[in-house]
Amino acid sequence: MTDVHGFDQFQRPRGDGHSLPVAVVTAIDPVLRDALVASLLLDGQGVVELRYEVDAASAALRRLILRADGVIEDEVIHLEHPCVSCAMREDAVPTLARLAGDPRCAGVLLAPPLSADPTVVVGTLQPHQDRWHLAGAAAVLSSDSALDDLLGDATLAERGVQWADGDQRSVGEALAAQIEYSDLLVVDGDPRSEGAELLEHLRAPDQILAAGPHEVGLDQVLGGHLDHLVGLRRRDMRYVEPYGGLIAHGTWTLDLTSRRPFHPQRLLENIEDLGSGKLRSRGRFWVPDRPDSICQWDGAGGQVSVGAVWKAGLELPTTRLVVTGVDPADRERVRGAFGRSLLTADEWSDGLAPWLGAEDHLAPWLGARDATV
């Protein structure tokens, strides 16, 4: 192991009084991530990569600090709780402080373990900014595999890129979180492919798109200041929006909205038709026996996660799901299931009084009705 202070070949001093820029780089594909990082390291002397890997044999965390010409530091870190937030708080924060203390270090590319959620990474790091600052967040992916990655049913465990043994997320769930949060999307592959068209339906207009790892400049990654609130809003199901895009390959997006809530029992009856298949679905809903709760809907790769996440305000919530898919049959199936799951016009006209004290059919998924959101 070489000590981090051995930056003997750094040639571009940062200078005293200047905050060290740090960019978070996430991916599910190690080759694409490493291609971007290597290109950026070669582009800027004094820039280093702070990489974290999960040691499959011991479940410990491996920390590497690298520069363009080799490894500076390689160490195994044992954490009491092997989670993303603990790793960032207990090891990344003090390591970034060390790097910020050396004026020869011009910037840091922070690469958490594959499949890490940048929302959690940035949320944990943000309060600790001092002599360093978060400059940006980049997600690296391939348009050629985007269809299978985002809409397929493979799990992170099956791909061998799960964070820990208990990580049961699908590949699509993990990749969607990286895409939706990051301000820079680095997309390798054919820009005219079906996968590229799918990404255009999922990408927000304010996100910057780069055509491959070698088309990204260092200033795009380390030259700004990351706005965490903007990334959080893109991930917030209360503010979900349909972005749309080209339809040459048959990609479609439905914007399903209603003032009416879902009927709890009919939602359970229709949930497979509403959420299964090659879909990316996001949004919010409510049920009449919980008028004070806004529930989250988050679906990818055939998996759907629901939960009572927010307290409603003075006005009743609304129901809105934005669903993107590629199979025409799925489109009509989802549209029909959405309509069947809502309260009918007659049920809605009866108001909420009939639901007082009603059996809580969704408690296993939404938690106890009297629990604090």
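This write-up is about the structure you can find in this document. Quantities reported herein were computed from a predicted structural model and do not represent experimental measurements.

Conventions adopted
- Numbering of residues starts from 1 in each chain and follows the order in which that chain's sequence is written.
- Restriction of local features to residues with pLDDT of at least 70 applies here, the model being predicted, together with a cutoff of 80 or more for giving and counting side-chain atom pairs; totals for whole chains, interfaces and linings are based on all residues.
- Here the side-chain values reflect all heavy atoms present in the structure, with hydrogen atoms and water set aside.
- Of the two site types, the cavity is a set of points on a 1 Å grid over the protein atoms alone where a 1.4 Å probe fits but cannot get out, and the pocket is an open set with protein on both sides within 12 Å along at least five of seven lines, each lined by residues with an atom within 4 Å of a point.
- Grid points are joined across faces, edges and corners, and a volume is the space filled by probe spheres set on the points.
- A run of H or I in DSSP becomes a helix once it reaches four residues, and a run of E becomes a strand once it reaches two; helices and strands are each numbered from the N terminus.
- Side-chain classes follow a simple rule in which Ala, Val, Leu, Ile, Met, Phe, Trp, Tyr, Cys and Pro form the nonpolar group, Asp, Glu, Lys and Arg form the charged group, and the remainder, Gly included, forms the polar group.
- Grouping buried Ala, Val, Leu, Ile, Met, Phe, Trp, Tyr and Cys residues that are joined through side-chain atoms within 4.5 Å yields what is termed a nonpolar core.
- For each residue, the accessible area found with a 1.4 Å probe, counting protein chains only, is set against the maximum for its type, and the residue is called buried under 20%, exposed over 50%, and partly exposed in between.
- We call two residues contacting when some pair of their heavy atoms lies within 4.5 Å.
- Starting at the helix axis, one direction is taken to each C-beta atom, and the arc is that of these directions.
- The definition of a polar contact used here is a pair of N or O atoms within 3.5 Å, where within protein one atom must be able to donate a hydrogen and the other to accept one, and adjacent residues in sequence count solely through side-chain atom pairs.
- Convention adopted: a line fitted to C-alpha atoms gives each axis, helices being fitted over their contacting stretch, and angles between N-to-C directions are expressed from 0 to 180 degrees.
- Should an angle lie under 35 degrees it is considered roughly parallel, over 145 roughly antiparallel, and from 65 to 115 roughly perpendicular; all remaining angles are considered oblique.
- Left-handed describes a crossing whose near helix is turned anticlockwise from the far helix by less than a right angle; the clockwise case is right-handed.

## Quick word on empty space enclosed by the protein
Part 1 of the argument: A full pass over the atoms with the stated rule returns two cavities of 30 Å³ or more.
Part 2 of the argument: Here the largest cavity defines a volume of roughly 100 Å³.
Part 3 of the argument: Among the elements of the structure, helix H7 (194-202), strand E10 (279-285) and strand E13 (319-325) are those that each provide at least two residues to the lining of the largest cavity.
Part 4 of the argument: A breakdown of the residues in the lining of the largest cavity according to their chemical character gives five nonpolar, three polar and four charged.
Part 5 of the argument: The wall of the second largest cavity is formed by Leu267, Leu268, Ile271, Phe285, Val306, Leu362, Trp365 and Leu366.
Part 6 of the argument: Mapped onto the lining of the second largest cavity, the elements with two or more residues apiece are helix H10 (264-275) and helix H13 (363-366).
Part 7 of the argument: A class-by-class count of the residues in the lining of the second largest cavity yields eight nonpolar, no polar and no charged.

## Concerning the layout of surface pockets
Part 1 of the argument: Of the pockets and cavities examined, the second largest pocket occupies roughly 220 Å³.
Part 2 of the argument: For the lining of the second largest pocket, the secondary structure elements donating two or more residues are strand E6 (132-142), helix H8 (218-222) and helix H9 (228-235).

## Some details on the nonpolar core
Part 1 of the argument: In terms of nonpolar packing, the biggest core is built from 40 residues, with Leu109, Leu150, Val216 and Val221 touching the most fellow members.
Part 2 of the argument: When residues of this core are traced back to their parent elements, those giving at least two are strand E1 (20-27), helix H1 (30-43), E6, helix H4 (146-151), helix H6 (171-181), strand E7 (184-188), H7 and H8.
Part 3 of the argument: Excluding residues within four positions of it along the chain, Leu109 makes contact with Ala23, Val37, Leu40, Leu41, Val47, Val48, Glu49, Leu50, Val221 and Leu222.

## Regarding H9
Part 1 of the argument: Inspection of H9 places His228, Gly231, Arg234 and Arg235 among the buried residues, and these make up the whole buried set. Mapping the buried residues of H9 onto a view down its axis gives an arc of 125 degrees, with all of them on the same face. When the buried face of H9 is taken as reference, the exposed residues oriented beyond 90 degrees from it are Leu229 and Arg233.
Part 2 of the argument: Of the residues flanking the start of H9, the one acting as N-cap is Asp227, its side-chain oxygen 3.2 Å from the backbone nitrogen of Leu229.

## A few points about unusual backbone geometry
Part 1 of the argument: We note that Ser115 has phi near 80 degrees; this positive angle belongs to a residue other than glycine.
Part 2 of the argument: With respect to the helices and strands, the residue Ser115 is situated in the loop between strand E5 (107-111) and helix H3 (118-125).
Part 3 of the argument: When its relative accessible area of 0% is taken as the criterion, Ser115 is described as buried.

## Looking at the packing of H3 against H9
Helices that pack against each other are described as a pair by the angle of their axes relative to one another and the distance between those axes.
Part 1 of the argument: Where H3 meets H9, the closest approach of the two axes is 11 Å, and the angle between their N-to-C directions is 150 degrees. Classed by the angle they form, the pair H3 and H9 counts as roughly antiparallel. Read as a crossing pair, H3 and H9 show a hand that is left-handed. Where H3 abuts H9, its residues Thr119, Val122 and Gly123 lie against His228, Leu232 and Arg235.
Part 2 of the argument: Here the residues of the contact of H3 with H9 are counted per class, giving two nonpolar, three polar and one charged.

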